[in-house]
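Given next are the chains, with one letter for each unit.
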Amino acid sequence: MTSLRNIRQVLVIVALACGASPTLADSPQTIEMQLAGQDGKEQHGYGNNQWLFPHDTCQEPELKLPELASENPVFYAAKYGSADDEVFTFVIDKTPDSKHSYNVVYVDANNDNRIDPETERFPFKLGSTANATPLRIPLSVTNGDVTASYFVNFSAFPYQDKNNRKQRVHANLRNSSYYMGEADFDGQRHKFIVLDLNSNGRYNDYEPKLFKGDRLLVDLDHDGHFRSVDDPNKNESFPLSRFTSVAGRWFSILPSPDGSQAKIAAVDPPLGVVEASPHVSRVTLRSASQTLDLVFHDGRAEAIVGAYEVHKIELTSPQGKALEWRLIARLKNDRPKVVVAKGETLKLDVGEPLRVELDIEPQENRARKVKLRMQIIGKRGGTYLYNDNRETVAPPGLIVLDSNERPVATWPVHNGIVLGENGNSWSVPRSFNGKYELWPVVDLPGLDFETVGREIEFRDGKIVMP
Ligand SMILES: [Ca+2]
Ligand SMILES: [Ca+2]
Ligand SMILES: [Ca+2]
Ligand SMILES: [Ca+2]
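Residues numbered from 1 in each chain as written. Chains lettered and ligands numbered in written order. Predicted model: local features only at pLDDT ≥ 70, side-chain atom pairs only at ≥ 80, totals over all residues.

Asker: I keep staring at the overall build of the chain and nothing clicks. Help me out?
Answerer: The helix and strand inventory of the chain stands at 1 helix and 37 strands. For the chain, whose C-alpha radius of gyration is 29 Å, the value lies well above the compact-globule estimate of 23 Å for 466 residues. A separation of at least 24 residues holds for 59% of the contacts in the chain among residues at least 6 apart in sequence. (Helix = DSSP H or I, 4+ residues; strand = E, 2+ residues; numbered from the N terminus. Rg over C-alpha atoms; globule rule 2.2 N^0.38 Å. Contact = placed C-beta atoms within 7 Å.)

Have a look at this one:
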């Protein structure tokens, strides 16, 4: 009898469990990842590189070098993985028959501090900054007690800039391999990629800023591609964070440092609420370990508790309006700091009111040219650019009024051309004589802008300094 009752209990439990239709995503998953991209067929779309500065001498004094033919070999010190010795020495050399160009690169690819003249020697072609054919080199990178293959694309080219005034041969290494696996996020198997986007040989760096950490790509729509799209519902590219929202729920996705394994578990992180003004549609918050892409509905969004900085703000016209517009601010300096507390509501004070600022300055040695810069600035900072690609928006512009307040010139303004942080120069007609007013015009339905005009005096098209 006892055993029958036990069987009944088991049946009841099984029935209950089936009723809730649990998927694999409900239980922690440990995924064995496969190295991919070593054949040069990269699927992830974008990568980062390590810039290698030239040295006259080897930066690793203990390294055993092969005999070099050039009088001026160039040494580079790349860094990959996390081990006591994370420096990989590269040297470019030229064979005796090569009169001008470097044509051989030696690499301590297995980082045993000895360059094998046979197996660690690769012919290559010196490139230019505009055009360099990269050479694919397999390294053995160590993280903890795991040593694994890691492929880099090596390019070298003569280079100079204002910080490197003497032209020398610089080089860079673009990471060209990544790890791919398959996991259950929503009851279906999805291919996913862990990408060493900050190019340091480790796959588990949280991304506090683009290219400063690593990425996670999930093929949510099973089309074989891993795209980052503006539509948050179609986004397949995620900054590596403590918690990641995939297919509508929160997961902890932790790659091992060497990338060969990923631990995935559905989680319920502590949440608070963020409220913003009605036109705020999306906001990106970032901390050292967590990126949140908040999508606002009726002015509200849920957010994981934590202390963040505001990185990106998006304002959009209300859904259903015939004229659609979108303004996006990417904050680079003085980012507002916010704290999301558990169960509490944070009022995010960004966006409106917006004001339009206009700067005008004469261009040195360029007659009848003035530099104009127009910026849309929101509350608590941020320079907003509008969606250039939608024809429905009346583009922002500049209107010039003469002393009788008659418009004498109008000028459409595009992102990066006058509108934005850089500004651009404007040719003033020679007929401009006397005092003029320049007014920025931004007309986006439903948005109020505070605009301030500027009075300028011209003589034969030249700006008259006050
Ligand atoms: Ca070394
Ligand atoms: Ca070696
Ligand atoms: Ca990394
Ligand atoms: Ca896809």
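Picking up where we left off.
Asker: Just to check I follow, could you spell out the pairing of strand S12 (residues 189-195) for this structure?
Answerer: Where a strand is regular, its side chains alternate between the two sheet faces. Sheet topology places strand S11 (residues 178-184) next to S12; 6 bridges connect them, and they run antiparallel. Among the inter-strand pairings, Tyr179 is bridged to a residue of S12, identified as Val194. As consecutive antiparallel partners, S11 and S12 are separated by 4 residues, and within that stretch Gly187 has a phi angle of approximately 90°, a positive value. Where S12 lies against strand S13 (residues 215-218), 4 bridges are found, and the strand directions are antiparallel. The residue of S13 that forms the bridge with Phe192 is Val218. (Pairing = 2+ DSSP bridges.)

Asker: Hey, could you run me through the domain arrangement of the chain in this one?
Answerer: The parts lose accessible area when they come together, and the size of an interface is often stated as this lost area. Taken domain by domain, the chain comprises domain 1 (29-34 + 179-266), domain 2 (38-175), domain 3 (271-350) and domain 4 (353-463). Put simply, the middle of domain 1 and the middle of domain 2, counted by C-alpha atoms, are 29 Å apart. Each side of the interface is counted separately: domain 1 has 15 residues, and domain 2 has 18 residues. A breakdown of the residues in the side of domain 1 that touches domain 2 according to their chemical character gives 7 nonpolar, 5 polar and 3 charged. (Domains from an automatic or database assignment. Nonpolar A, V, L, I, M, F, W, Y, C, P; charged D, E, K, R; others polar.)

Asker: In this structure, what is going on with the sheet that holds strand S21 (residues 300-304)? I would like to understand it.
Answerer: Taken in spatial order, the 3 strands make up an open sheet running S21-S18-S25, and their pairing is mixed. Strands with a single pairing partner mark the edges of an open sheet, and in this sheet they are S21 and strand S25 (345-348). Adjacent strand axes in the sheet meet at a mean angle of 35°, parallel and antiparallel pairs treated alike. As paired elements, strand S18 (residues 271-276) and S25 share 4 bridges and run parallel to each other. The residue of S25 that forms the bridge with Glu275 is Lys347. (Axes fitted to C-alpha atoms, helices over the stretch in contact; angles between N-to-C directions.)

Asker: What is the right way to look at the sheet that holds strand S29 (residues 397-401) in this model?
Answerer: To summarise the sheet geometry, strands pair through backbone hydrogen bonds and adopt either a parallel or an antiparallel arrangement. Read across the open sheet, the 5 strands follow the order S30-S29-S34-S36-S37; overall the sheet is antiparallel. Since the sheet does not close on itself, it has two edges, and those belong to strand S30 (407-412) and strand S37 (462-463), each with one partner.

Asker: Explain the nonpolar core here, please?
Answerer: Where a protein is soluble and globular, its nonpolar side chains tend to be buried together. Val283, Leu294 and Ala303 are the most contacted members of the largest nonpolar core, which totals 40 residues. Domain assignment of the residues forming this core places at least three in each of domain 3 (271-350) and domain 4 (353-463). When residues no more than four places from it in sequence are discounted, the contact partners of Val283 are Ala276, Leu294, Val310, Lys312, Ile313 and Leu348. Counting 29 residues, the second-largest nonpolar core is a separate cluster that includes Ile92, Phe124, Val141 and Val152. (Core = buried A, V, L, I, M, F, W, Y, C linked by C-beta atoms within 7 Å. Buried ≥ 20, exposed ≤ 12 C-beta atoms within 10 Å, placed from the backbone.)

Asker: In this structure, what is going on with the pairing of S30? I would like to understand it.
Answerer: Where S29 meets S30, 5 bridges bridge the pair, whose relative direction is antiparallel. Each residue of the ladder has a partner; that of Leu401, found in S30, is Pro407. Where S29 hands over to S30, the hairpin turn is made up of 5 residues, of which Glu405 adopts a positive phi near 60°.

Asker: What should I look at first to understand unusual backbone geometry in this one?
Answerer: The general pattern is negative phi for most residues beyond glycine and trans for most peptide bonds. Residue Glu352 is joined to Pro353 through a cis peptide bond whose omega torsion reads 0°. Summarising the element assignment, Pro353 is placed in strand S26 (residues 351-362). Backbone geometry places Asp334, a non-glycine residue, at a positive phi of 45°. Despite not being glycine, Val418 has its phi angle at roughly 75°, a positive value. Position of Val418 among the secondary structure elements: in strand S32 (residues 418-419).

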